[in-house]
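# Structure at a glance
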Amino acid sequence: MQTYQEEYLHNLEELYALSRRKPLDGRTPEAYFAALAQDQARTETLILRNMDLLRSQLFPLLDDLFHAGREDLDHLFQFASRLLVPGKELDPGLFCQIHRALLSLARQKQDRSAMIRELYWLGIGRNSLYGRLVGLDFSLTEKYVNRMRLCFTEAAAYLKYFDELSDDETRGYILRSRANMSLGTFKHPREKIHMVKTTQEILNDQEYQKKAPALPWDRYIYMTHQQMAASISYAKDHDMTPEDVEAVMESSYIVFQRRLHEAEANRQRLSNRWALPYHTTEFYCGVLTLDQLLHQLEALMDHADLSDYSPDSCYTVISMPAFYCQYLQHYPDRIAGRETYLDSLYRRILRYVEAFPKDLEGDVLFRYLCQLSHTFIEIANGLLYRDFLLKLLVRFVPQLYIHAAKVAWAAKAFCQLILSHEPDFFDDIPEFQVMPENAEKQQAILDYAAGCGLFHDIGEVNMLELFAHIGRQWMAEEEQVAQMHTDAGKNLLAPRASTSRYADAALGHHAWYDGLRGYPAAYQRLECPSRQMVDVIGLVDWLENLTGSAWLYTGESMTFDQAINAAIELEGKRFSPLLTAWLREGGAECIQSAFEQGLQAARRRLYEDSLRSLDAALP
Amino acid sequence: MEQLESHPATEQQGHLVVERTGAGWRVLFADPSARKLTCLEPGAPADWADLSLRQLDLDRQPLDESHQLWQIGKSADKQAFLQANAALEAALRSAEEANQAKSRFLSSMSHDIRTPMNAIVGMTAIGLSHIDEKARVQDCLSKIQTASSHLMSLVNDVLDMSRIDSGRMTLHEERFSLADLIHDVAVILRPQAAQKQQTLRVEIGDILEEHLLGDPLRLRQILVNIIGNAIKYTQAGGEIQTSFAQRPAQAQRGGASVLLDFSCQDNGIGMSQAFLQRIFLPFERVNNTTISRIEGTGLGMSIVKKLVDSMSGEISVQSQEGQGSLFQVSIPLPVSPQTQNALALPTGGTILVAESWEDRAEKIHQYLTEADLRPVTLPSGMDAVTWLTEAQYENRMPLALLLGQELTDMPTLNLASHVRQLAGQAFPILLASEADWVQLEYRATRAGINAFVPCPLFRSRLLKTLSDLTGGSNGQTGGQSGEIDYSGYRVLLVEDNELNQEIAMELLEMTGVQVETAGDGLQAAEKFEASPPGYYDLIFMDIQMPVMDGYQATRRIRQLAREDAKTVWIVAMTANAFVEDMRLSQEAGMNEHLSKPVDIDRLNEILRGRLGAAPQPGKQ
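Counting of residues starts from 1 at the beginning of each chain's written sequence and follows it residue by residue. Here every chain gets a letter starting at A, and every ligand a number starting at 1, in the order they are written. Side-chain atom pairs in this predicted model are given and counted only at pLDDT of 80 or more, local residue features only at pLDDT of at least 70, and totals for whole chains, interfaces and linings cover all residues.

### Considering the overall build of chain A
Strands are runs of DSSP state E lasting at least two residues, helices are runs of H or I lasting at least four, and both sets are numbered from the N terminus onward. Assigned secondary structure in chain A consists of 27 helices and zero strands. Every radius of gyration here is taken over C-alpha atoms, with the globule rule written as 2.2 Å times N^0.38, N being the number of residues. On C-alpha atoms alone, chain A measures out to a radius of gyration of 26 Å, which is about the 25 Å that the 2.2 N^0.38 rule sets for 619 residues. For chain A, the spread of C-alpha atoms along the principal axes amounts to about 80 × 65 × 50 Å. For chain A, with 619 residues in total, the buried portion stands at 46%. In this scheme every C-beta is placed from the backbone, and a residue whose C-beta has 20 or more other C-beta atoms within 10 Å is buried, one with 12 or fewer is exposed, and one in between is partly exposed.

### A look at the overall build of chain B
Counting its regular elements, chain B contains 19 helices and 21 strands. Contact between residues is assigned whenever the C-beta positions, reconstructed from backbone atoms, fall within 7 Å. Taking the intrachain contacts of chain B between residues at least 6 apart in sequence as the baseline, contacts between residues at least 24 apart amount to 66%.

### Details of the interface of chain B and chain A
In this complex, chain B contributes 34 residues to the contact, which on the side of chain A involves 43 residues. Elements with a contribution of two residues or more to the side of chain B that touches chain A: helix 4 (134-165), helix 10 (381-393), helix 11 (412-423), helix 14 (498-509) and helix 18 (579-588) of chain B. Per-element tally for the side of chain B that touches chain A: the top contributor is helix 10 of chain B, with seven residues. Looking at the side of chain B that touches chain A, its residues break down into 15 nonpolar, nine polar and ten charged. When residues are grouped by polarity, Ala, Val, Leu, Ile, Met, Phe, Trp, Tyr, Cys and Pro land in nonpolar, Asp, Glu, Lys and Arg in charged, and all others, Gly among them, in polar.

### Considering the environment of A:Tyr278
Residues and elements named next belong to chain A. Along the polypeptide, Tyr 278 turns up in helix 12 (residues 272-284). C-alpha separation for the pair Tyr 278 and Trp 217, spaced 61 residues apart in sequence, amounts to 23 Å. Those residues in contact with Tyr 278 that sit more than four places away from it in its chain are Ser 252 and Phe 256.

### Some points on the pairing of strand 21 (residues 592-595) of chain B
Residues and elements named next belong to chain B. Here strand 20 (residues 569-574) pairs with strand 21 via four bridges, running parallel. Within strand 21, the residue paired with Val 571 across the bridge is Glu 592. With respect to chirality, the unit in which strand 20 leads through helix 18 into the neighbouring parallel strand 21 is right-handed. Only strands joined by at least two bridges in the DSSP assignment are considered to pair. For crossovers, right-handed means that the path from the first strand over the helix to the second runs clockwise, given strands pointing away from the viewer.

### Considering the domain arrangement of chain B
Where each domain begins and ends follows an automated or database-derived domain assignment. According to the domain assignment, chain B consists of domain 1 (2-73), domain 2 (81-165), domain 3 (174-334), domain 4 (350-481) and domain 5 (490-611). One C-alpha centre belongs to domain 3 of chain B, the other to domain 5 of chain B, and the line joining them spans 52 Å.

### Re the packing of helix 8 (residues 190-203) of chain A against helix 10 (residues 217-230) of chain A
Residues and elements named next belong to chain A. Packing of helix 8 against helix 10 brings their axes to within 10 Å, and their N-to-C directions diverge by 165 degrees. Between helix 8 and helix 10, the crossing angle belongs to the class labelled roughly antiparallel. Crossing of helix 8 against helix 10: the hand is left-handed. Contacts from Ile 193, Val 196, Thr 199, Gln 200 and Leu 203 in helix 8 reach Trp 217, Tyr 220, Ile 221, Thr 224, Gln 227 and Met 228 in helix 10. Fitted lines through C-alpha atoms serve as axes, helices being fitted only where they are in contact, and the angles separating the N-to-C directions of these axes extend from 0 to 180 degrees. Angle categories: roughly parallel below 35 degrees, roughly antiparallel above 145, roughly perpendicular from 65 to 115, and oblique for all the rest. Two helices crossing with the near one rotated counterclockwise from the far one by less than a right angle form a left-handed crossing, whereas a clockwise rotation gives a right-handed crossing.

### Notes on helix 12 (residues 437-447) of chain B
All names here are of chain B. Among the residues of helix 12, Ala 444, Thr 445 and Ala 447 are the ones counted as buried. All buried residues of helix 12 lie within an arc of 135 degrees about the axis, which places them on one face of the element. The exposed residues of helix 12 that point more than 90 degrees off its buried face are Val 438, Gln 439 and Tyr 442. Among the residues trailing helix 12, Gly 448 stands out with phi positive, at a value near 105 degrees. Picture the helix axis, draw a direction to every C-beta atom, and the arc is the one those directions span.

### A word on unusual backbone geometry
Of the consecutive residues A:Tyr519 and A:Pro520, the connecting peptide bond is found in the cis state with omega at 0 degrees. Mapped onto the fold, A:Pro520 is located in the loop between helix 23 (503-508) and helix 24 (531-547). A cis amide bond links B:Cys455 with the next residue in sequence, B:Pro456, at an omega value of 10 degrees. Inspection of the secondary structure puts B:Pro456 in the loop between strand 16 (451-454) and helix 13 (459-470). Of note in the backbone geometry, A:Asn381 takes a positive phi value of approximately 65 degrees without being a glycine. Position of A:Asn381 relative to the elements: it lies in the loop between helix 16 (363-375) and helix 17 (385-396). Of the residues examined, A:Asn381 has 8 C-beta atoms within 10 Å and is grouped as exposed. In the Ramachandran plot, B:Asn395 falls in the positive-phi region, its phi being about 55 degrees despite a non-glycine side chain.

### Re the domain arrangement of chain A
Residue and element names in this part refer to chain A. Taken as a whole, chain A is organised into domain 1 (188-288), domain 2 (289-383) and domain 3 (395-617). Facing ten residues of domain 2, the contacting portion of domain 3 comprises twelve residues. Broken down by secondary-structure element, the contributors of at least two residues to the side of domain 2 that touches domain 3 are helix 15 (339-354) and helix 16. In terms of residue class, the side of domain 2 that touches domain 3 is made up of six nonpolar, one polar and three charged.

### A short note on the sheet that holds strand 16 of chain B
Residue and element names in this part refer to chain B. As summarised here, the arrangement of the five strands in space is 13-12-14-15-16, forming an open sheet in which the pairing is parallel. Two strands in the sheet have a free side with no partner beyond their single neighbour: strand 13 (374-378) and strand 16. Direction aside, neighbouring strands of the sheet carry axes that sit 25 degrees apart on average. Bridge analysis of strand 14 (residues 400-403) against strand 15 (residues 429-433) gives three bridges, and the strand direction is parallel. Within strand 15, the residue paired with Leu 402 across the bridge is Leu 430.

### Points about the sheet that holds strand 3 (residues 58-62) of chain B
One key point about sheets: their strands pair by backbone hydrogen bonds, in either a parallel or an antiparallel sense. Residues and elements named next belong to chain B. Taking strand neighbours across the sheet as the criterion, the four strands line up as 2-1-4-3 in an open arrangement whose pairing is antiparallel. At either margin of the open sheet sits one strand with a lone partner, and together these are strand 2 (24-30) and strand 3. Looking at each pair of strands side by side, their axes are set apart by 30 degrees on average, direction ignored. Examined bridge by bridge, strand 3 and strand 4 (residues 67-72) share five bridges and lie antiparallel to one another. From the neighbouring strand, Pro 62 faces strand 4, where its bridge partner is Gln 68.

### Quick word on the nonpolar core
Note on terminology: a nonpolar core is a set of buried residues of type Ala, Val, Leu, Ile, Met, Phe, Trp, Tyr or Cys, with members joined through C-beta atoms within 7 Å. Core analysis: the biggest nonpolar cluster contains 266 residues, and A:Ala411 and B:Leu430 have the highest contact counts within it. A per-element tally of this core places helix 18 (residues 398-421) of chain A first, with 14 residues. Core analysis: the second largest hydrophobic core is formed by 35 residues, B:Ala525, B:Met541, B:Ile543 and B:Leu594 among them.

### Topic: the packing of helix 5 (residues 112-130) of chain A against helix 7 (residues 168-180) of chain A
Residue and element names in this part refer to chain A. Where helix 5 contacts helix 7, the axes come no closer than 9 Å and their chain directions differ by 35 degrees. Here helix 5 runs over helix 7; the crossing is left-handed. Where helix 5 abuts helix 7, its residues Ser 113, Ile 116, Arg 117, Leu 119, Tyr 120 and Gly 123 lie against Thr 170, Tyr 173, Ile 174, Arg 176, Ser 177 and Asn 180. Looking at side-chain class alone, the contact of helix 5 with helix 7 contains five nonpolar, five polar and two charged residues.

What follows is the structure, encoded as structure tokens:
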């Protein structure tokens, strides 16, 4: 690899570490705050440096790729492969950008082997990039899934010429592409089962195996069994044919047995990660009843060792409850009688997370918690979903939490200014319309503003690689994907009682007042009863993004005064004239000062949380 | 009146005694048979208004100066009188019913007119009170627009009816395309059906002649009224199935004619048998509490009936309450004499059809086979990509890819994007869709679609589009047959790197476009400045260049005091892929962004988007 490529990767590693919660290391609050500021400054330096490296080194190479030398191309390929190491996906966006360019080159040169290889890697990159879009409606993500799948489909189509393509590497790419066609969500879930079945038939075909004996056929076949076993979760609608059931049962059995043997050979217990799909398959295929399955899961979760922070234990403590809750969501009649259990389950998870050793912390822990955030069941008098989400933000995404806190404080302060002159300003919102004009109503509105501010960007937790962990400015495709944080946020907040009232702000804070621009399409301002508050959040968020740290990935940055002037210029287009009028009447100063207060408050909260975590970790 | 109970003269059958009342006569006494025959009661006016007495042969004898004895004539006259009386009674009932219908019409019209008027007045007031809130005012204006157009349609219906009633409406005869007519109707009505989440299917049966003679405006009115009613009276999520077909008809005026059969079936609220008797009467509407909010004059069906009658056609309707209605219309139409343009379609050429709707796929298959083409139909995007990859490998690419309405696994445009990359820029991709092209055009051309065939699908349109795109070559040559010719257009390529310039020139020249080059931004700006207005259709501008970069050059061009300086399409060519770079390009006045290394497909996407899928050679 070239020096700039090494440096870029190194910077990404450092940035990744900086995005994590700052350990206390015995610091006083003041020293802790200073360290946070220092980390932020370092983050900015590294991102700017990365941009510079790409602009000065990588982009000129891509610009002139048609007559790049063999060595340059090899380095480029190696560099890309380091950007997307399994388990450590440092920069899937750049990975895709590079492989897209290499694919163009291969097509141009009509180099078939290179085309197949690049189609495969572009598919892998897109799978990683779009894999963040969990919990979103298929109609929103379909376009991206298809982009990924068609790469694999085209590469897999060369299977017909398996004999003619004599090198095993290319043949391997074709087979792996064929298997990966079943990655991602399908329009009709049964298609996935059928696709894996066809792949299994191909891989088990002796004729193919004879032609390329050096390929790891067993591994390929085993991986398709894993895919098949995983596809069971799609069978919720019970529309599997007896043949489908047989195929899934068979694959589950093979995966389970192999893991069991491996565990026995290593004198270890079978990981629950493999036990869960096996039991799930038994349930969907009619061997276990739902109650038996739930009891089995409860038994496994209850026996988890809370002092064990290994990946397997982490899975049992956090991820398995996520699946457990998913079943309860699908069969809500089974929730009754389990309320206390659910509450204790969540509290146990939080204690476990609080005590999780900093040095062992990684992506996995956060991913499992994200899974849980999608299936969380809110119980009366139990842990509130809003508290759970807040803990998630504070603990794992401090930068996002700081932004949210600044927006919350500023929204609250701005609303207070408006209410002091126009107490009925927010009366379009039904819950406030019916309240008598008094201090209690005002406080309720301010609390609402703060909540909307805190949770407006919660959808970003789905795609941290594009926000908190990004090591450079976005590219066009990433920007498109990032825009879906609005729909993702709404989907998280809307179904739960403690957060549903914030869903409009999460969905609509990037919409334009005049409806001509902005996103998402699902937000219709004039049909939203909370639009006055969504407008407030949209304005304050926009100001914070321009003046805070979002410029690192959006590329747009202004001083606070410039941002205020720009907002006023967008009056009636991007922003409600009712609000921009208040910016002229003292609102600007009030927001600026609240940003500072919000920053300080957020830092205090981060410090306190680190302290509490330290306590939890003590024996 | 009591003193009128008897008179000796009126004891005889058919006699009545009348008394002078100023200018007329009043009945004093009448025997029961005279009363029955004349429907006259004592005290009633006896001559001036009573039509029934005028029908009779009356023998009038003066009794004194102010009284007369009237005797009703012979029994034959009486019989005629009875018949006349019955007819008059029926006419009276009919007039009364018509009067009631008109009263109901007036009452509902005043409601129907008041409703949109209220909206207009109310929304105007709201708009005025929020004049500073653009979005609110915009919302008000759009509601006012909707209400106004509804009001206009009410007035138009009333005027049409009045024209028809007074015999002032004449039918025009002109040449028209049945395909255009049906397409227009579909474009008007599809959004309404979509708003109610209804399925509106338009099926095309056997069409003998697409070019006909008739009054397309009035035909459209008939179709829109019938299908519009079906949409109106069918619940959300319902289904409306329409079909068009032709049969040979008796020759008219020495020329060939066809019978156009149209049917429209819905699963809506249907009509009672009693209402079915009155459906074509003016001012009648289905009275049903579930549809009380449906607006309309009740004139539509009456107008339709009169229009169909005036075209010598027939209309019938069957309906059952709660189950839906079926309207069937047959109209004879003369065939338009036309000059047939020969289509340049290569015999035996393969067309890959990606369509999962069986009916549509069958129809496409039929049309293509009849044109001696060889369709290969696949229902999914993944199958299509696999098939094309194999075809490319085996050097047997089809003439074109025809994308249909739907695929089993993905939206058609997702497939188009990938095929454009896979098969290259010259490969023709057509889309046959029910969507409105105006709505779809931007996304479709960006996805790589070359041409659009509107649905309902007509043979002539499909084959003409294919012929235009494939240019009549015998295909099977890797898609080169569909190469697009932009020889009438001129492009300025601004690029400092010689090799890049060479490659881009080669790619551009493959499309026939005339390419001029500039080695840096300053040269580009000067070349543009020195050219006559409208000389360049497109500028591809590199960003990083010596002397003057692409941003500066674009700014300089945009600032020139000539009209085309503001409008000429400038495309940034750079490997700088950050969102900020795109913003900088936009801020400098560039319209689009092309990543490097230059992707031939993306380049052609831009050419197609700017210069059009069907270029007009000859523009200099």
